[in-house]
Amino acid sequence: MRLILLGPPGAGKGTQAQLLVQKHGIVQLSTGDMLRAAIAAGTPVGQKAKDIMARGDLVSDDVVVAIVADRIDQPDAQNGFVLDGFPRTVPQAEALDRLLADKGLKLDAVIQLAVDEGILLKRIENRVAELKRKGEPVRPDDNPESLKIRLEAYRRQTAPLIDYYGKRGILRTVDGMAPVQEVSAEIERVLGPVHEKGVARG
Ligand code: AMP
């Protein structure tokens, strides 16, 4: 199964991606995690991305597309994957289409987590409090100023993907305001036809 999770920062993409991994034996491909790993390792990509990410802006399309292209070729991704945080722009979605088409692969579904923007800051604050409680490092972009820029980037550059995938008939919208387990159950419900058919849709 090959899925995309779509939604603004704080919508619950990471949490739901992990649950999909447990349920379906697929891998989570989070470009944010990959970029943070590149920063931690001090690679050239990490050095390029560091300040952009801390501000809340988007890293360039060619950088993230190259990372994803490498990652989906790895053996553990052959059984399927859930993309979390990618694509974030129409050119990224087009590049993904080309990458998959070259391999004869298709997306099964794009799951949009719909949330009221008003709760996002609260969710990010909760994430920060939780990390601090566990003594884990807090993301440099989990602050009100960066969140504002991240939300603007979402509205301007990522939200058009709702239409992009909607037109292809593979968009499934789920209420992301519900408790985690309810959102997860709803995702499984909308994926039902994907499972039953066992083939790509759209
Ligand atoms: P995330 O962990 O998905 O919230 O991503 C954190 C940050 O990494 C974003 O605010 C961007 O700066 C960068 N990033 C992650 N994925 C992408 C992407 N697909 N395109 C551009 N920038 C990205």
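Thresholds, definitions, all that
Residues numbered from 1 in each chain as written. Predicted model: local features only at pLDDT ≥ 70, side-chain atom pairs only at ≥ 80, totals over all residues. Heavy atoms only, no water. Salt bridge = Lys/Arg side-chain N within 4 Å of Asp/Glu carboxyl O. Helix = DSSP H or I, 4+ residues; strand = E, 2+ residues; numbered from the N terminus. Buried < 20%, exposed > 50% of the residue type's maximum accessible area, 1.4 Å probe, protein only. Near = heavy atom within 4 Å. Polar contact = N/O pair within 3.5 Å; in protein donor to acceptor, adjacent residues only side chain to side chain. Areas by Shrake-Rupley, 256 points an atom, 1.4 Å probe, with all protein chains shown as cover. Nonpolar A, V, L, I, M, F, W, Y, C, P; charged D, E, K, R; others polar. Core = buried A, V, L, I, M, F, W, Y, C linked by side-chain atoms within 4.5 Å. Contact = heavy atoms within 4.5 Å. Axes fitted to C-alpha atoms, helices over the stretch in contact; angles between N-to-C directions. Parallel < 35°, antiparallel > 145°, perpendicular 65-115°, else oblique. Left-handed = near helix turned anticlockwise from the far one by under 90°.

Undergrad: Whenever I open this one, the pattern of salt bridges confuses me. Can you help?
TA: Two side chains bearing opposite charge may form a pair once their charged atoms approach each other closely. The tally for this structure, following the rule as stated, stands at 16 salt bridges. For Lys103, the salt bridge is made with Asp73, and the minimal N-O distance between the two is 2.6 Å. With Lys103 in the loop between helix 5 (90–102) and strand 4 (109–114) and Asp73 in the loop between helix 4 (61–72) and strand 3 (81–84), this residue pair connects regions lying 30 residues apart in the sequence. Here Lys103 falls in the partly exposed class, since its relative accessible area comes to 33%. Relative accessible area serves as the criterion here: at 48%, Asp73 is assigned to the partly exposed category. Note that Lys148 and Glu152 form a salt bridge whose closest N and O atoms lie 3.9 Å from each other. Here Lys148 pairs with Glu152, and both are found in helix 7 (residues 144–158), just four residues apart, close to one helical turn. With relative accessibility at 56%, the residue Lys148 sits in the exposed group. The structure contains a network of salt bridges with shared partners spanning Arg127, Arg139, Asp141, Asp142 and Arg150.

Undergrad: Just checking my understanding: could you explain the site of the ligand for this structure?
TA: The immediate surroundings of the ligand are formed by 16 residues, with Thr31, Arg36, Asp57, Gly85 and Gln92 found nearest. Note that a nitrogen atom of the ligand is positioned 3.1 Å from one of the backbone N or O atoms of Val59. For the ligand, a nitrogen atom lies 2.9 Å from a polar atom in the side chain of Arg88. Within the complex, the protein chains bury 96% of what would otherwise be the 480 Å² of accessible surface of the ligand. No other element matches helix 2 (residues 31–41), which puts four residues into the shell around the ligand. Partitioning the shell around the ligand into residue classes produces six nonpolar, four polar and six charged.

Undergrad: Sorry, what's going on with the nonpolar core here?
TA: The nonpolar side chains of soluble globular proteins are, as a tendency, buried together. Of all hydrophobic cores here, the largest spans 32 residues; its most connected members are Leu35, Phe81, Leu83, Leu96, Leu107, Val110 and Tyr165. Among the secondary structure elements, those contributing two or more residues to this core are strand 1 (2–6), strand 2 (27–30), helix 2, helix 3 (44–55), helix 4, strand 3, helix 5 and helix 8 (160–168). Residues in contact with Leu35, not counting those within four places in the same chain, are Val45, Ala49, Met53, Val59, Val63, Val64 and Ile67.

Undergrad: What is the right way to look at the packing of helix 2 against helix 3 in this model?
TA: Across the interface, helix 2 lies against helix 3 with an axial gap of 8 Å and an inter-helix angle of 115°. Taken together, the axis directions place helix 2 and helix 3 in an arrangement best described as roughly perpendicular. Crossing hand, helix 2 versus helix 3: left-handed. For the pair helix 2 and helix 3, the contacting residues are Gly32, Leu35, Arg36, Ala38 and Ile39 in the first and Val45, Gly46, Ala49, Lys50 and Met53 in the second. Looking at the contact of helix 2 with helix 3 residue by residue, the class counts come to six nonpolar, two polar and two charged.

Geometry only, nothing functional implied.
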